Amino acid sequence: MDSLRQGVSQQPPHLRIVGQGSEQINGWSSPVEGLSKRNPMRLIAQIKDKPLDNFYLEMFDVAATESYSVLLYPLDANTTRLEIFNNGIPPTLNVHGQGMTLDSGGINIDNTGYLWSSGDFYKNYVLINNGPLGLLLNRTRTVEMDPALSPARKNNGLIFVQAVGYELTYKVIIDGSEVASYTTPKATDDDNRISTSRVASELATQISALAGFTAVKSFYVIEVTKDDGSSFVMELDDNRSNTFARAFTDKVGGLSELPNFAPNGYVVNVISDPSTTLDDRYFKFGTYDGRSRGEGGWGETVKPGIEYKLDVNTMPIVIRRESAGVLFIGPADGSSETTGSETFTFPAWAERTAGDEETVPPPEFVGKQIKDHVYFRSRYVTCAGTSIVFSEVDDVFNFFQDTSAALTETDPFSLRASSERSSELLWMLPVDESILLFSAYSQFQARPADADVLTPTTAIILRLSNLESNGDVRPRLAGPQVLFSTREFGYSHFREFTFFESTQRKIGLNLGGSNDVTLNLPKYIDGFVTHWAVGETVDTAVAITDKDRKTLYVYKYLWGSGTQGLQKQQASWSKWVFKQDIQWVKFMDNLLWLVVSDANGTYSCVIASDEIEDPIDLQLHLDRLIAYPECNSDPQSSNDVVATYDAATNTTTFVLPYTPSEKAIAVTRFTGSDLRGLWLGESTTNTIVCSQVPGDWTANAIGFGEPYEFSYEFTPGYMPAKDQAKQRIVGELDGRTQVLRWHVHHYQTGAYNVRVKRRSRSNDTVHKFRARFPNVMNNQLDAETSFLETGSIQVPVCSRNTDCVVSIESDSWLPCVISGAAWEGSYNDRAKGV
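Note that the structure is a prediction, hence the values are computed from the model and not measured. (Residues numbered from 1 in each chain as written. Predicted model: local features only at pLDDT ≥ 70, side-chain atom pairs only at ≥ 80, totals over all residues. Heavy atoms only, no water.)

Chemist: Hey, could you go over the sheet that holds strand β64 (residues 789–800) for me, with residue numbers and the actual values?
Modeler: Here 5 strands make up an open sheet; going across it, the order is β2-β3-β66-β59-β64 and the pairing antiparallel. Every interior strand has two partners, whereas the edge strands, β2 (27–30) and β64, have only one. This sheet shows a mean twist of 30° between the axes of neighbouring strands, independent of strand direction. Sheet topology places strand β3 (residues 34–37) next to strand β66 (residues 817–828); 2 bridges connect them, and they run antiparallel. Paired with S36 across the two strands is V817, which belongs to β66. (Pairing = 2+ DSSP bridges. Helix = DSSP H or I, 4+ residues; strand = E, 2+ residues; numbered from the N terminus. Axes fitted to C-alpha atoms, helices over the stretch in contact; angles between N-to-C directions.)

What follows is the structure, encoded as structure tokens:
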């Protein structure tokens, strides 16, 4: 077994591939070194002095050197708490908005606030950001339109005298009665002067003489109003099919009927085709110089008296980093806020500026809960119900078309996903030029049909597969694939969509299918995944389930190029087990960050992979590891260690910032040339008294932490044979295989045990390996300096292969790397005469 890096398998032992075991706890399947004890979980800081088990946490990354932690949790049954930290230090906050109040460095949100929620917080929020501007979504809130209505239209009318001729009669009819009439002179009359202005003047004089009406003439246009402000119907007959003059109030047949001289703000509906309302357009007149009447132009406007804007209190909250340590938080309502010397004007959700509910409909997320949002190619994209909605290009706050006349490539648009089993979309994942969408029962892809750019005219949505997925957690990219979690009869599985075929040619998503990467572990991940993360740089995924918060399931994969193209060279599943409950995980800067909790508090910790650890400064394998004295000089105070020396008793005492779950030990670190890896003391409390190793240790480099056990159970040894198709190697089931000895090869390893369990034996046989040994110089024992060794040991087994279990264990703080293993024995098959 030249490699033990393929993790565990639940297949029958004789069918497993080389490198798979029966169980692997706290091991790391390294493609560089082989199987090793995982690196320690280092303590960064204490977040809370109480356990947090229901919260949402996400990072707000402004730059590579500036990142903020955004934390939401229930303060009580009626209050949600929002806290933000930068390296554990709260920034200066400016807060405005409904239901939000600033309190003791955090924000309290009552049940009227957008961010208030109940239930499992981890699945209720989504934070995204683009540089200093972030949007925090509450997935449980329903988007609504603001009840305010667009400005009502003034009940006025216009008479437009467009042309004039001899012997023409202009009649004005209001509410079915003729109220004014004027006939132009004959050409042979002594006074035969004619003009559009004179016609307008004569008609205006007659209308103004009516009780309850006012007519204001401006050149060739008359504005008519009723003194009580009520509406009326006005018509005109010029005996020329109204080609010389026309009258209207709120409707015209076309733009050509409108004058270029009118009251400022006059609104009219251009109906075009009276048989339908789909081509209705609304126009407002604007004078060039801003006067109440004058020359100007007609521009599209919104229909009067309809809902025209989104309710900002039902839309995602803006988080704006204005300067280092100064954040503005509130709805996108356009308000201007000031904190100290910093002033920030919040963006505002765009309003409907043209059309009506049919020609420029509200975004399809109105009346629904937005479940996810992303930035994609200069658009803000949301999914709600069965629709995915795209904002305007370069205006992420606009979901309304600017005009009802035409749809441009930069306009907002939406797509609707449908399948045999329709359900609401829950998550989105941008991949190249497309967006992958997930519902509880189906997977879709939104992409351009025949172009590289996703626009209203090129966008289509395709169904990829109908797989029941875990809708509580977001799918994630993992190298050349997309991983997502599914639920299988009380257990979790992970499936993948692949983007490359074996010859490395990009194929997009493999439509209609996916691979189950837990196929050989159908009952391994017990429960349903609540949190998970993918480290694309370290080729690792980790997951937590609701069944056991102390267990982290680890998937180590590796893609490589071979003679047949891109191939998966490693797919290792294993478990990491901790003494504390794991509440949150995320990969950042090639490090796995964790939030863990116990009865005494909640802590942030970090684990680095073996490949990026410093090979010079070997790590002590202790969880919640604290490096002293550096911990006392970092920005955090919650990880400080108090060290005192009592000269009278020649004893050093250390007080740790946490109480261990079982015990904590103190060990000198591997930083100096002497006293490396020396045990100083241990305790079941937070106080370690080094009574058995006297002296002043307060100036030494020491590590404090909790021991954890690494274990690996080998697959039983089988005589290798080819299967019936002669295509793969399997274990020989016929005959008897007797295992005599088991060889374990190690690399730069300090200590471990090999345990042999035999059937019908009450006691196991345990063989101990320890690298430390006295260095003999001639006839004197010299200093003990060697604590790591590369080599192998062999242990006797002397048992039938199916009647024994061989495993490796190590709870030492020293490194443990198992580079390979082998077994030797005898095989006898009487049926074959062997």
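Chemist: Residue-level account of the environment of L236, with values.
Modeler: In this structure, L236 sits in strand β18 (residues 234–237). Along the sequence, L236 and L437 sit 201 residues apart, while their C-alpha atoms lie 57 Å from each other. Once you skip the residues sitting within four places of it in the chain, L236 turns out to touch I159, K171, V172, N242, A245, R246 and A247. (Contact = heavy atoms within 4.5 Å.)

Chemist: Please provide a residue-by-residue account of the sheet that holds strand β54 (residues 687–689), values included.
Modeler: If you walk across this open sheet you meet the 3 strands as β50-β51-β54, and the pairing is antiparallel. Every other strand in the sheet has two partners, leaving β50 (642–646) and β54 as the edge strands with one partner each. Taking the axes of each pair of neighbouring strands and ignoring which way they run, one obtains an average angle of 15° across the sheet. Sheet topology note: the β50/strand β51 (residues 651–655) ladder contains 5 bridges and is antiparallel. Residue pairing for β51: V642 is matched across the bridge by V655.

Chemist: Describe the packing of aromatic side chains, with residues and values.
Modeler: Inspection of every chain in the model, using the stated rule, returns 34 aromatic pairs. Between the aromatic rings of F248 and Y266, the centroid separation amounts to 6.2 Å while the plane-to-plane angle is 80°, which identifies the pairing as edge-to-face. Here F248, found in strand β19 (residues 245–248), pairs with Y266, found in the loop between β21 (261–263) and β22 (267–270); they are 18 residues apart in sequence, far enough to count as distant. Of the two residues, F248 and Y266, neither departs from the other in class, the shared state being buried. When the ring of Y375 is compared with that of Y380, the centres are 6.0 Å apart and the planes differ by 50°; the resulting orientation is tilted. Note on Y375: relative accessible area 24%, which makes it partly exposed. (Phe/Tyr/Trp six-rings, centres within 6.5 Å; stacked < 30°, edge-to-face > 60°. Buried < 20%, exposed > 50% of the residue type's maximum accessible area, 1.4 Å probe, protein only.)

Note that all results are geometric; they support no functional claim without further evidence.
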